[in-house]
Amino acid sequence: MPTYRAGIIGCGSIAANHVSGFQGLENVDIAAIADPVATSLSTFGDRFEIENRYSDAREMLDVEQLDIVSIATWHKLHAPMTIAACSRKPKAVLCEKPMAVNLGECDEMMIAAKRNDVKLAIAHQRRFNPVWTEARNLVTSGAIGDIRQVTAKGGQGLLNDCSHLLDMMRYVMGDPDAKWVIGNIERYTDRYERDIQIEDRSVGIIRFSNGAIGQLLQELDGPHYQGGIFYGTDGILELDELKIRLLSPETGAWDERTPEGEDPHVGQARELIEWIEGHTVHRGSAEHGRAAVEIIMAIYESARLHEVTPFPVRTMASPLKVMIENGDLPVQRPGRYDVRAFLLKDETMRPDDP
Ligand SMILES: NC(=O)c1ccc[n+]([C@@H]2O[C@H](COP(=O)([O-])OP(=O)(O)OC[C@H]3O[C@@H](n4cnc5c(N)ncnc54)[C@H](O)[C@@H]3O)[C@@H](O)[C@H]2O)c1
């Protein structure tokens, strides 16, 4: 059995899940890690007993001859690090969600992957949650009829939690395209989420190609809740990360199911290897990560232009960033504050630019 050499860029909280995913397989060796923050690098390296440690990710990429590169940095570094990794021609890159902070960067990542013949997957690992996969099987086999509506509520900004929720809507319904979006946002504080300027509240209505209407409500201080409700012509399906509840219109009774299976991080890593070996296409391949970002950018674009955003979205910059830079969203309570600053280590308060 071949052994694949994996390297991890960014040694923070989610990187530990990348390690556990790869360690769940027999044929992946975590060869090296990179992080410019000394405390993060040493703590992570000691915890997982990884000897080859680099403060410069590009040096690691040059030296280590990696087959797989995991990118587990904050969002703004996803594109530059993916492009840097792809240029060294590993077999695959697994980049954290959100894929990038605008559509232009998503496209550059996909070009870099194609140019260098690299398989690029985005870590929407709940596609490997047995609950979500069972929900997809039920919905796509018609268990609740035709899907008319799906609702989800998220916190932490559209790019963070809500990229998972939008990916959930698509995954469970069999990955329909979005056709149009109408949305709006509210930004009255100068809050950031992992170094990205973020809205305080947002709402999006999404028309999918299967005819369903998605509704997403986001509140920065809102609950961290991963799940949603699918309304079909013949029933309702509710899901979270642990269970599915099905409402039968005939009996009016709820049927609860708790499907079990492989850890999603292991499943995500396993399918990456299967993709490398040509057995399948990763269910989190880059176009799905891009699709979630495209819906988010469409919500921002609808807020910017005060109109329905048709797909494909043609604005490659983040319309939220454009609105902020144009002075269209003056904050009522000035003062920069990052809701994830607690993740930073040592003296760092604002991450360095790439
Ligand atoms: N898939 C999920 O469920 C999930 C969960 C949590 C976080 N995430 C995503 O993972 C990403 C990281 O989030 P986190 O919570 O792990 O953050 P974190 O702050 O815990 O970790 C990020 C790490 O990147 C390091 N870093 C910064 N600049 C770097 C550089 N130039 N090169 C290499 N490393 C660098 C930091 O020092 C830090 O150790 C985010 O994009 C987030 O959205 C995904």
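Residues numbered from 1 in each chain as written. Predicted model: local features only at pLDDT ≥ 70, side-chain atom pairs only at ≥ 80, totals over all residues. Heavy atoms only, no water.

1. Some words on the packing of aromatic side chains
Formally: Pairing of aromatic side chains here covers Phe, Tyr and the six-membered ring of Trp, requires ring centres within 6.5 Å, and sorts the geometry by plane angle: under 30 degrees stacked, over 60 edge-to-face, intermediate tilted. Secondary structure elements follow DSSP: runs of H or I of four or more residues count as helices, runs of E of two or more count as strands, with numbering from the N terminus. Any residue under 20% of the maximum accessible area for its type is buried, any over 50% is exposed, and the rest in between are partly exposed; the area is computed with a 1.4 Å probe on protein chains only. We call a charge positioned over a ring when the NZ of a Lys or the CZ of an Arg lies within 6 Å of the ring centre and within 35 degrees of the ring normal.
In total, this model carries 1 aromatic pair according to the counting rule given. Measuring from ring centre to ring centre gives 4.8 Å for Phe-44 and Phe-48, while their planes differ by 55°; the resulting arrangement is tilted. Of this pair, Phe-44 and Phe-48 are both found in helix α2 (residues 38-48), 4 residues apart, which corresponds to roughly one turn of the helix. Its relative accessible area of 16% is what places Phe-48 among the buried residues. The ring centre of Tyr-192 lies 3.9 Å from the NZ or CZ of Arg-336, which sits over that ring.

2. Side note on the pairing of strand β11 (residues 201-208)
Formally: Note on pairing: DSSP must find at least two bridges between two strands before they are called paired.
Here β11 shows one buried face, formed by Ser-202, Gly-204, Ile-206 and Phe-208, and one open face, formed by Arg-201, Val-203, Ile-205 and Arg-207. Sheet topology note: the strand β8 (residues 178-186)/β11 ladder contains 8 bridges and is antiparallel. The residue bridging Trp-180 from the neighbouring strand is Arg-207, located in β11. Alignment of β11 against strand β12 (residues 213-219), held across 7 bridges, turns out to be antiparallel.

3. A word on the environment of Gln-268
Applied cut-off: It only takes one pair of heavy atoms within 4.5 Å for two residues to be counted as in contact.
By secondary structure assignment, the location of Gln-268 is in helix α8 (residues 264-276). Looking at Gln-268, the relative accessible area reads 2%, which means it is buried. Each C-alpha atom, one on Gln-268 and one on Ala-121, is 9.2 Å from the other, the two residues being 147 residues apart in sequence. For Gln-268, the contacting residues outside a window of four places in its chain are Leu-94, Ile-122, Ala-123, His-124, Gln-125, Phe-128 and His-282.

4. Topic: unusual backbone geometry
For the peptide bond that leads from Lys-97 to Pro-98, omega is -15°, which places it in the cis range. Non-glycine residue Arg-194 carries a positive phi angle of around 50°. Looking at the element boundaries, Arg-194 is found in the loop between β9 (189-193) and β10 (196-197).

5. Section: the domain arrangement of the chain
When the parts come together, some accessible area is lost, and that loss is often what is quoted as the size of the interface. Rules: Source of the domain bounds: an automatic or database domain assignment. Take the accessible area each of two parts loses on contact, using a 1.4 Å probe, and add the two losses: that sum is the buried area. We count a salt bridge whenever a side-chain nitrogen from Lys or Arg sits within 4 Å of a carboxyl oxygen from Asp or Glu.
The domain boundaries assigned to the chain delineate domain 1 (4-126 + 264-284) and domain 2 (129-260 + 292-338). Computed over C-alpha atoms, the centres of domain 1 and domain 2 are 26 Å apart. Between domain 1 and domain 2, the contact holds 19 residues from the first and 25 residues from the second. Between domain 1 and domain 2 the total buried area reaches about 2,000 Å² when both faces are included, carbon and sulfur atoms providing 62% of it. Among the residues of domain 1 in contact with domain 2, Leu-103, His-124 and Arg-126 are the three that bury the most area, contributing 39% of the side total. Taken together, the links from domain 1 to domain 2 amount to 2 salt bridges.

6. Observations regarding the packing of helix α5 (residues 103-115) against helix α9 (residues 286-305)
Operational definition: In this analysis, axes come from line fits to C-alpha atoms, helices being fitted only over the stretch in contact, and the angle between any two N-to-C directions falls in the range 0 to 180 degrees. Angle categories: roughly parallel below 35 degrees, roughly antiparallel above 145, roughly perpendicular from 65 to 115, and oblique for all the rest. Note on residue classes: Ala, Val, Leu, Ile, Met, Phe, Trp, Tyr, Cys and Pro are nonpolar, Asp, Glu, Lys and Arg are charged, and everything else, Gly too, is polar.
Where α5 contacts α9, the axes come no closer than 10 Å and their chain directions differ by 170°. By the criterion of interaxial angle, the relationship of α5 to α9 is roughly antiparallel. Counting all contacts with α5, which are made through Leu-103, Cys-106, Asp-107 and Met-110, the residues of α9 involved are Ala-286, Glu-287, Arg-290, Val-293, Glu-294 and Met-297. Of the residues assigned to the contact of α5 with α9, the class counts are 6 nonpolar, no polar and 4 charged.

7. Details of the site of the ligand
Basically, it comes down to this: The rule for a residue being near a molecule or strand is that one of its heavy atoms must lie within 4 Å of it. Under this definition, polar contacts are N or O atom pairs within 3.5 Å; protein pairs additionally need one hydrogen-donor-capable and one acceptor-capable atom, and for neighbouring residues in sequence, both atoms have to be side-chain atoms. Working definition of accessibility: Shrake-Rupley area with a 1.4 Å probe, residue cover restricted to the visible protein chains.
Close to the ligand lie 28 residues; Ser-13, Asp-35, Trp-74, Gln-125 and Arg-194 are nearest. Between Gln-125 and the ligand, the recorded distance is 2.8 Å, taken from a side-chain N or O atom to a nitrogen atom. Bound to the protein, the ligand loses 87% of the 840 Å² it would expose on its own. Elements supplying a minimum of two residues to the shell around the ligand: α1 (13-23) and α4 (78-87). Class assignment of the residues belonging to the shell around the ligand gives a composition of 13 nonpolar, 10 polar and 5 charged.

8. A few points about α9
We count it as follows: One less than the number of residues in a helix, times 1.5 Å, gives the span that helix is expected to have.
Here α9 spans 28 Å end to end across 20 residues, near enough to the 28 Å set by a 1.5 Å rise per residue. With respect to burial, α9 is a largely interior element, 17 of its 20 residues being buried. Once α9 ends, the next one or two residues include His-306, with phi positive near 55°.

9. Some remarks on the sheet that holds strand β16 (residues 254-257)
The sheet built from 9 strands is open, its strands ordered β16-β15-β14-β13-β7-β12-β11-β8-β17 with mixed pairing. Looking along the sheet, the strands with just one partner apiece sit at the ends: β16 and β17 (309-310). Strands in contact with α9 are β8, β11, β12 and β17; relative to β8, the strand with the most contacts, it is inclined by about 60°.

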